[in-house]
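# Descriptive structure summary
Each chain, written out:
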Protein chains: 2
Amino acid sequence: MADIPERELRTMNHLMYMEYYTGGNAGIFMKMKRLLHSYQSPYQRIDIFEHPDFGMVFSLDGITMMTEVDEFMYHEMLVHVPLFMHPDPKKVLIIGGGDGGSLREVLRHPSVEEAILCEIDPYVIDAARKYLPTSVKFDDPRAKIVNENGAEYIKQFNDYFDAIIIDSTDPTAGEGGHLFTKEFYQNCYKALREDGVFSAETEDPFYDKGWVAIAYNRISSVFPITKLYMGFMTTYPSGMWSYTYASKKYHPVDDYDPERAKPFEGELKYYNPEVHRASFALPNFVKEIIGEK
Amino acid sequence: MADIPERELRTMNHLMYMEYYTGGNAGIFMKMKRLLHSYQSPYQRIDIFEHPDFGMVFSLDGITMMTEVDEFMYHEMLVHVPLFMHPDPKKVLIIGGGDGGSLREVLRHPSVEEAILCEIDPYVIDAARKYLPTSVKFDDPRAKIVNENGAEYIKQFNDYFDAIIIDSTDPTAGEGGHLFTKEFYQNCYKALREDGVFSAETEDPFYDKGWVAIAYNRISSVFPITKLYMGFMTTYPSGMWSYTYASKKYHPVDDYDPERAKPFEGELKYYNPEVHRASFALPNFVKEIIGEK
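Chain A goes by Polyamine aminopropyltransferase in an unreviewed UniProt entry, where it is assigned to Kosmotoga pacifica. A UniProt comment under Function (unreviewed entry) is attached to chain A, and it reads "Catalyzes the irreversible transfer of a propylamine group from the amino donor S-adenosylmethioninamine (decarboxy-AdoMet) to putrescine (1,4-diaminobutane) to yield spermidine." If you open the UniProt record of chain A and go to Subunit (unreviewed entry), you find "Homodimer or homotetramer."

Right, here's the structure in full:
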């Protein structure tokens, strides 16, 4: 410690990031190395920190959206579970996901010809470009970045997308609430082709079980096939994250073809065919939350 | 807030529990309602808190061992995965587990005739009896509580147990290190009958991947069948917990008979046959940690 100037030590002492989870009585703390960027956009406060172990940490309104070391867990599960269910996904829409992690995963699929990233807040895109390695695919010729409210933007599409991925912030933060309504899910249904696939992040069943139930039930009231699935996400509340898969046609376990993931062996850090199937096995208390017994 | 006396408010303001995870740059915080018990035993500091949402919180040397609301996730996965692999578990040894949660789960199995709980620290047993609902089975006629060092205690047994369950604290805390040595695992092997089953908590692959690898590799150097499995554990570091199953005879997926869990439907909050199988599906980065590709 002797080599660190007194002035810098004092700065470090004060950069304790504390995210209070729902209920306000517990949360995660991270001792940040420094704050690189903080901006109040028309939609939310955008912060980017550097953490000694986690690399870049990106938060919106004080809620951790990603850290560089574990974002792969979330993005791979959100994207590859639906995309490997489709035999030939060409047109994909991501709503939210301004850090670019979902876009990066979508573009791993060589069949994809058009990947639209609809992120409401252009300032998130700017910050990601400048600080987040996840933004690596923003300029890919197959990618198109649109800064619009996803809940409005989707209305213009009919029978168009092969996959829609909802990579939203929390329903209670920023503009996230628009992406948890039944009307929005109906518009997703309409925008999907007859064999389209859908996934959404649907919060954690420990601190936010109410939202898990609401999101799952609304999605399942729209789609004939709806299944909750889960994965580890180490810096999100409780480390136990839920996603909801939906489709008009493909059952995510019965219709799954593990051969499709073969060419990706060695490339992905979380997803594999066993994990795909396993993620749909729900602990009893989670089944209870979504009314499945 | 106006109704809370100033004096009490000040007390609450100061009861912020912060557990620093390995590396020291992140962790969990809990705003505790009150500290009920704090005792420095010859082995470790034993603390019991009350939390407004989590109920009783039990920690050893500042490391959270359990909270009342989510301990079922850990105890069910540690105990039922091995016990349902055995056709008729009669004699079971639990090493560690002084809170009683593992003992409670073991005694759910009607075949069990003798369940020895070998907890080194009698003060943990005392505190659990007084404050923790998990101690509910301490006085069960089939249970026997022994306060000895598990690594020594096990040496007297040969070909005796049907199941051994290692419910230790962290390898770096208290007396936990004794329960992570190759010699200890060899003695477990010796103490098990030819169709015996074994499980151990083996830390988390995010903050403590070194220990996951060490424990798994040492166990697999002793047992012919060794498999890492995983489960959510929401108030443990990263929420992603690893366990290691081992046996001389039964493969935990190929030899699994889901019928055995049928009578437990409705009783367990986490474990079910789908979760049993799913827990052995490892994300790629975890396979890499244990050298499995």
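Moving on, there is more to tell.
For the largest pocket, the calculated volume is near 720 Å³. As for the largest pocket, its lining consists of 32 residues, of which Asn284(A), Phe285(A), Glu288(A), Leu268(B) and Lys269(B) are closest to the centre. Within the residue set of the lining of the largest pocket, elements represented by two or more residues are helix H9 (284-289) of chain A together with helix H2 (71-83) and helix H8 (273-278) of chain B. Broken down by element, the lining of the largest pocket gets its largest block of residues, five residues, from H9(A). For the lining of the largest pocket, a count of residues per class yields 15 nonpolar, five polar and 12 charged.

Moving on: the relation of the copies chain A and chain B. The transform that puts chain A on chain B rotates by 180 degrees and translates by 0.0 Å along the axis, for an RMSD of 0.0 Å. Such values leave the two copies arranged in the relation of a two-fold axis. Same-surface contact between copies: 98% of interface residues of chain A are shared with the interface of chain B.

For the rest of this paragraph, the subject is the domain arrangement of chain A. All names here are of chain A. Looking at the assigned domains, one finds that chain A contains domain 1 (6-67) and domain 2 (71-289). Placing the centre of domain 1 and that of domain 2 at their C-alpha centroids yields a distance of 25 Å. Taken residue by residue, the interface counts 25 residues in domain 1 and 23 residues in domain 2. Summed over both sides, the interface of domain 1 with domain 2 buries roughly 2,200 Å², with 68% coming from carbon and sulfur. Here domain 1 is connected to domain 2 by zero salt bridges. Of all the secondary structure elements, the ones that give two or more residues to the side of domain 1 that touches domain 2 are strand S2 (26-31), strand S3 (34-40), strand S4 (45-51), strand S5 (55-60) and strand S6 (63-67). The dominant element in the side of domain 1 that touches domain 2, judged by the number of residues it contributes, is S6, at five residues. Partitioning the side of domain 1 that touches domain 2 into residue classes produces 17 nonpolar, six polar and two charged.

What follows deals with the sheet that holds S6(A). All names here are of chain A. Across the sheet, which stays open at both edges, the four strands sit in the order S3-S4-S5-S6 with antiparallel pairing between neighbours. The outermost strands of the open sheet, each flanked by one partner alone, are S3 and S6. Taken over all neighbouring pairs, the strand axes of this sheet differ in orientation by 20 degrees on average, direction set aside. Relative to S4, S3 is paired through six bridges, and the arrangement is antiparallel. Paired with Gln40 across the strands is Arg45, a residue of S4. Across the face of the sheet, helix H4 (residues 122-131) comes into contact with S3, S4 and S5 while running at roughly 15 degrees to S4.

All names here are of chain A. Following the sequence through the fold, Asp255 ends up in the loop between strand S13 (240-247) and helix H8 (273-278). Look past the residues within four positions of Asp255 in its chain and what remains in contact with it is Met85, Lys249 and Tyr250. At a separation of 2.6 Å, a polar atom in the side chain of Asp255 contacts the main-chain amide nitrogen of His251.

Let us look at the packing of aromatic side chains. All names here are of chain B. The tally for this structure, following the rule as stated, stands at 53 aromatic pairs over all chains. Aromatic side chains Tyr74 and Tyr243 sit 5.9 Å apart centroid to centroid with 40 degrees between the ring planes, which places their arrangement in the tilted category. With Tyr74 in helix H2 and Tyr243 in strand S13 (residues 240-247), the pair connects residues that are 169 residues apart, well separated along the chain. Judged by relative accessible area, which is 2%, Tyr74 ranks as buried.

It is common to give the size of an interface as the accessible area that goes away when the parts come together. The interface of chain A with chain B comprises 45 residues on the first partner and 44 residues on the second. Buried surface at the junction of chain A and chain B, summed over both partners, amounts to about 3,500 Å²; 67% is from carbon and sulfur atoms. It is Asn25(A), Phe29(A) and Phe232(A) that lose the most area in chain A upon contact with chain B, and together they represent 21% of the buried surface on that side. For the interface between chain A and chain B, the tally reads two salt bridges. Connecting chain A to chain B are 21 residue pairs in polar contact (both at pLDDT 80 or more). Where the side of chain A that touches chain B is concerned, the elements lending two or more residues are strand S1 (16-20), S2, helix H2 (71-83), strand S12 (225-232), S13, H8 and H9 of chain A. Among the elements that line the side of chain A that touches chain B, the one with the most residues is S2(A), at six residues. In terms of strand pairing, S2(A) meets strand S2 (residues 26-31) of chain B through five bridges, oriented antiparallel.

What counts as what
- Residues numbered from 1 in each chain as written.
- Chains lettered and ligands numbered in written order.
- Predicted model: local features only at pLDDT ≥ 70, side-chain atom pairs only at ≥ 80, totals over all residues.
- Heavy atoms only, no water.
- UniProt positions renumbered as here; feature names shortened; annotations may be inferred.
- 1 Å grid on protein atoms, 1.4 Å probe; cavity = no way out; pocket = protein on both sides within 12 Å on 5 of 7 lines; lining within 4 Å.
- Points joined across faces, edges and corners; volume = space filled by probe spheres on them.
- Helix = DSSP H or I, 4+ residues; strand = E, 2+ residues; numbered from the N terminus.
- Nonpolar A, V, L, I, M, F, W, Y, C, P; charged D, E, K, R; others polar.
- Least-squares fit on C-alpha atoms with pLDDT ≥ 70 in both.
- Contact = heavy atoms within 4.5 Å.
- Domains from an automatic or database assignment.
- Buried area = accessible area lost by both parts, 1.4 Å probe.
- Salt bridge = Lys/Arg side-chain N within 4 Å of Asp/Glu carboxyl O.
- Pairing = 2+ DSSP bridges.
- Axes fitted to C-alpha atoms, helices over the stretch in contact; angles between N-to-C directions.
- Polar contact = N/O pair within 3.5 Å; in protein donor to acceptor, adjacent residues only side chain to side chain.
- Phe/Tyr/Trp six-rings, centres within 6.5 Å; stacked < 30°, edge-to-face > 60°.
- Buried < 20%, exposed > 50% of the residue type's maximum accessible area, 1.4 Å probe, protein only.

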